[in-house]
Every structure is written in C-alpha cells, then in structure tokens.
Amino acid sequence: MPEATTVDAVVVGAGPAGSAAALELARAGRSVVLLERGAYPGAKNVYGGVVYARVLDEAVPRWWEEAPVQRWVTRRSTMVLTGSQALTVDFRTAAWGGPPYNGMTTYRADFDSWLAGKAVEAGAQLVTSTVARSLLRDAAGRVVGVRTDRPDGDIGARMVIACDGVNSFLAKEAGLLPRTSPEHTTLGVKETLALPRAVIDERFGLLGDHGMDIEMLGCTEGVPGGGFLYTNQDSVSIGVVAGLEGLAEAKTRPEELIARLKAHPAIAPYVRDAQLKEYSAHLIPEGGYRTIPKLAIDGMLVAGDAAAMCLAAGLWLEGVNFAIGAGLAAGRTAAEAIAAGDTSARGLAGYRRRLADSFVLADHKRLRDAPDLVLGERMQRQYPGLVCDLAEQVFTVTNPRPKRGMAAEFLRAARRNDVRLRDLARDALTSLRTFG
C-alpha cells in the first residue's frame, strides 16, 4: 500500500458486510481499499450456524456453483432441552438440496476469503494485517479517511464504511455506536469436532452433500441463550450462545456449558468419539431493532455487527445474510453519493431507506420484541421444562390407570414448572404479535 493513499472509499473489515460493500463500490468503478486486521479475511471470525446466502442472488449470480460450501442444509431441527429430556421438532425437505438452495454450512475462513476475492476481482484492493486505529477528519470534523498502524499508512478517502465488528472502534469514535452493553451482548463459543464423513451421514441420517442444523433452547442452564449443532463435510460444530450478564451471575464458564451439552443424552450419540479440532469464541450483538444505532454521519456509514445487525429471534438465528445485505446497500449508497458529490449525512440518507425497504431492517423491525421474549426468564427457565414434562406425561403409558386428559396433563406440567397461566397467556399473545 503506497504512502498517503487517497481513494474514493475505504472499507474497514473484510467480513461479509465489508466485502459486500467493497464489491459494490468496485463494480461502480470506484477506487476502494478493503482493510482487514487479520492475516486473511475470516482469520478472526468464528461461526456457529448456517449461512443463508440468497441475498447474493443479484450480486453474484449462481453463487452456489463457486461458494465454498460444506453441506446444504436440508434438515432443520429445533430442540427444547432440560437436564435429562429433549423434545424435537424436525423438518426435512428435498427442495433445500437444489438451486437456489436455502442455507449452507461453511467455514467462515473459506467463505469470507471467497467473498473478499469477488471484491478483489471487481477491482478492490485488499490490504491485510492492518488495523484502522482511528478516523481522519478535516477542519470541519468531517470523516476523510482512516489512520492505520502502518508507518505513514494514513488512507484518505471520500467515504469510510465501518464493518469492523461488534466492538467497532471506528463507529464508537464517530459517535454512531454506544458503549457495548452486556445486557444486549452474548458470547458465542464453538467447538469443531472431527468425525469421518460416513459416520456423520449415518448418525444424522444424511446422504451426499445434505446437512443438518439443530438449534436448541434450554441447554444453557438458565443463562439467557441457546445452543447449536450442525454438520460439515467431515466435522460437526457444537456450541452455545450465552448472555454476558447471565454468565457473570451464574459464575459459569462457557466451555463448561459446552461440555455438559455434549454429555446430554440427546446430544452425546451425535458427538461420540469426536476429536476436538478447534475452540473459538466471539461476541454477538443481540439487542435487535431497538439497539441498531444511527447509521451515517458526514463521510461515513456503518454496517453488519458494527451496527448491531444480528437477528436473534428464536425461530430465526441469522447474521451473515444481514451483514451481506447491509454491506451491499452501504456500497451502493456510497457509490451514488460519491458520484453525486455529496457524501454528507444528508447525501447518505438513502442508506437507511434502502435497508428499510429490504429484509435487513424490515425483519428486524417486525421482530423487535423477539430478543426480550426468547431471552426472557420464563422462556429460558420454565417453558423448556413445561413442554418436555408435558410430552413425557402424554407419551407415558399409565396402565392399569386410565389415561389423563390433555388439559389435566398440561396443568400438572405447568404446576411442576411454576408456570402461571396468566404469564403463559401473556407470552403467547406477545409471540403471536411478534411472529404472526
């Protein structure tokens, strides 16, 4: 990178949001530098789920023919756990096993490098092992670039797009992102466990390149959060997402939660004899729509985790697709503003309108009550026991005593788990308003 580089735009962070933004800018004919603090895109990331990449349909036509896919998810399960029970809703469809696909498992190091490569192919300059330490401003306080940790490594730019993660120092410096709140932040921890492909296929009931994704509730021992288990080609990834405040109050380490999850009778058969390949952890913004900050100031936009764009809504646990969608919108908006010669906050106002017209903000807004509901005390501590006890009672054969009615079994399970019917009714109504 030459000294005193001056470009149309500098994008900080070569994750999905940053690479998508750089791709759009480069395709619009703008000079753009994509900065990455890691040795390569994805080097600093951990991922514990599935990428829903349909957002790439327009940006990278037929992306599924070249993206680094581990498996296509054709089987999706939601599992509710107690210490010794598990109730699972299991869905499988062949439709998700062919184009245009629904979700895929992938290693983030591979996926991030691939998407950054698309930006480079379009003309972006990727600069790795470089930290953006602060913003450059002109005399009027307008953002005009970034200062890096390289000697004489200032980069002047007409636009800066911050995609540098949940603790974005640039967004905080710009006043766009408030101080990280433990109340709205979770810690995702993951173990990647090696298993032979044939063993994975047999244990999870899979064929070919089909995969399975299991999302779990009730596996974090009362700490607000959840768990996951999903299949790669020759490994499985298992982990938990747990609230920072809850972890501190419980005095529990996340690796202890994973160890006990792997020993659970519903999970142990899946991971038996697996060998640990990797352990990783990552902070996740889970406050939802109400914690999404202001997205633009003069000369700067923010996208992805840096803008709290992660949807933790129980049924939907998504982040990468929102990051890509926001990055594409940021890149298009920045390119238009540069062409128009107006990169002021007013000139960049179209960014939020773009997001509001797309799934990025529309889904966040519609599901704005979901984080409080899903991470709430009753959903985490009482309802898993309620549904598991009810299922156990209903399916237990009581001969010679006659079977009890469903209503009686429900009331019995509610009493056993200290569930008040008025609270259940209130939460049911909230669920209908949120997900309906």
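Further up the page is the structure itself.
Residues numbered from 1 in each chain as written. Predicted model: local features only at pLDDT ≥ 70, side-chain atom pairs only at ≥ 80, totals over all residues. Heavy atoms only, no water.

(A) Up close: the overall build of the protein. From N to C terminus, the protein includes 14 helices and 18 strands. Taking 2.2 N^0.38 as the reference for a compact globule, 436 residues should give roughly 22 Å; the C-alpha atoms of the protein span a radius of gyration of 23 Å, in line with that estimate. Considering only C-alpha atoms, the protein reaches an extent of 85 × 50 × 40 Å along its principal axes. Relative to its full complement of 436 residues, the protein shows a buried share of 54%. Put simply, of all contacts in the protein between residues at least 6 apart along the chain, 71% involve residues at least 24 apart. Entry remark: accessible area of the protein is about 19100 Å², with carbon and sulfur atoms responsible for 52%. Charge-centre separation for the protein: the mean point of 51 positive side chains lies 5 Å from the mean point of 50 negative side chains. (Helix = DSSP H or I, 4+ residues; strand = E, 2+ residues; numbered from the N terminus. Rg over C-alpha atoms; globule rule 2.2 N^0.38 Å. Buried < 20%, exposed > 50% of the residue type's maximum accessible area, 1.4 Å probe, protein only. Contact = heavy atoms within 4.5 Å. Areas by Shrake-Rupley, 256 points an atom, 1.4 Å probe, with all protein chains shown as cover. Lys, Arg positive; Asp, Glu negative; His and termini not counted. Charge placed at Lys NZ, Arg CZ, Asp CG, Glu CD.)

(B) Unusual backbone geometry, seen in detail. Cis geometry marks the peptide bond from P99 to P100; its omega dihedral reads 5°. Structurally, P100 can be placed in the loop between strand 4 (86-92) and strand 5 (104-105). Residue P400 follows N399 across a cis peptide bond; omega there is 5°. You can see P400 is positioned in the loop between helix 12 (377-395) and helix 13 (406-416). Of note in this structure, D418 is not a glycine but carries a positive phi near 55°. Take D418: it is sitting in the loop between helix 13 and helix 14 (421-435). The exposure class of D418 is exposed, given its relative accessible area of 60%.

(C) View of the pairing of strand 11 (residues 210-217). Of all 8 residues in strand 11, 7 are buried; the element is thus mostly enclosed. Of the strand pairs in this sheet, strand 3 (residues 71-81) and strand 11 are connected by 8 bridges, and their pairing is parallel. Paired with W72 across the strands is H210, a residue of strand 11. Alignment of strand 11 against strand 12 (residues 225-231), held across 4 bridges, turns out to be antiparallel. (Pairing = 2+ DSSP bridges.)

(D) Geometry of the environment of A370. Residue position: A370 is located in helix 11 (residues 370-374). Judged by relative accessible area, which is 0%, A370 ranks as buried. Taking the C-alpha atoms as reference points, A370 and F395, separated by 25 residues in sequence, lie 31 Å from one another.

(E) Fine view of the side chain of S235. As for its position among the elements, S235 is in strand 13 (residues 235-243). According to the relative accessible area criterion, S235 is buried, its value standing at 0%. In terms of polar contacts, S235 uses its side chain to reach the side chain of Y107, at 2.7 Å. Excluding residues within four positions of it along the chain, S235 makes contact with Y107, T192, L193, A194, L195, I200, Y230 and K277. (Polar contact = N/O pair within 3.5 Å; in protein donor to acceptor, adjacent residues only side chain to side chain.)

(F) Molecular detail of the nonpolar core. Within the largest apolar cluster, 83 residues are counted, with the highest numbers of intra-cluster contacts made by L56, W63, V146, I161, M300 and Y351. Among the elements that line this core, the one with the most residues is helix 8 (residues 320-340), at 12 residues. In contact with V146, other than residues within four places in its own chain, are V10, V12, L35, A132, S134, L135, L136, G153, D154, I155, V160 and L170. (Core = buried A, V, L, I, M, F, W, Y, C linked by side-chain atoms within 4.5 Å.)

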